[in-house]
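# Summary of structural features
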Amino acid sequence: SLVCALKTPELHELLAIVEYFLFAVLVALYEEPEKPDSALDFLKHHLGASAPENPEIEALRLEVAEMKEKYEAVLEENKKLKTKLAQYESPQDEKHGE
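Below or above, wherever it landed, is the structure these notes cover. Computed from a prediction, not measured in an experiment: that's the story for all the values here.

## Here we look at the overall build of the protein
Per the secondary structure count, the protein includes 4 helices and 0 strands. Sequence-ordered secondary structure for the protein, helices as α and strands as β, is α-α-α-α. Burial statistics for the protein: of 98 residues in total, 2% are counted as buried. Accessible area for the protein stands at about 9,300 Å²; split by element, carbon and sulfur atoms hold 61% of it.

Below, the structure is given as structure tokens:
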């Protein structure tokens, strides 16, 4: 692993750099008048790791939302059909029992 490959002084230097940047971002977050919804996104943005949203990801999110709606509609239809089926099965069960 990378950590094992680094000598102790190099590792300490790397950790000091990470600590510095993390501290700087936390100070920026503290000083932010309107706190962001996502601290992780704030961290990524301030470290320069934020990229524009991938259009494929947004398309997949929309597709998932549509599928959820369809799933809920199918569940509701299934419930209604089971209720209708139960109405038709009940009289037949009584006739067989006589």
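## Focus on the packing of helix 2 (residues 8-31) against helix 3 (residues 39-46)
Helix packing geometry: the angle between the two helix axes and the distance between the axes. Running from N to C, helix 2 and helix 3 point in directions that differ by 120°, and their axes come no closer than 10 Å. Taken together, the axis directions place helix 2 and helix 3 in an arrangement best described as oblique. As helix 2 packs across helix 3, the resulting crossing turns out to be right-handed. Counting all contacts with helix 2, which are made through Leu22, Val25, Ala28 and Leu29, the residues of helix 3 involved are Ala39, Phe42, Leu43 and His46.

Cut-off values and rules
Residues numbered from 1 in each chain as written. Predicted model: local features only at pLDDT ≥ 70, side-chain atom pairs only at ≥ 80, totals over all residues. Heavy atoms only, no water. Helix = DSSP H or I, 4+ residues; strand = E, 2+ residues; numbered from the N terminus. Buried < 20%, exposed > 50% of the residue type's maximum accessible area, 1.4 Å probe, protein only. Areas by Shrake-Rupley, 256 points an atom, 1.4 Å probe, with all protein chains shown as cover. Axes fitted to C-alpha atoms, helices over the stretch in contact; angles between N-to-C directions. Parallel < 35°, antiparallel > 145°, perpendicular 65-115°, else oblique. Left-handed = near helix turned anticlockwise from the far one by under 90°. Contact = heavy atoms within 4.5 Å.

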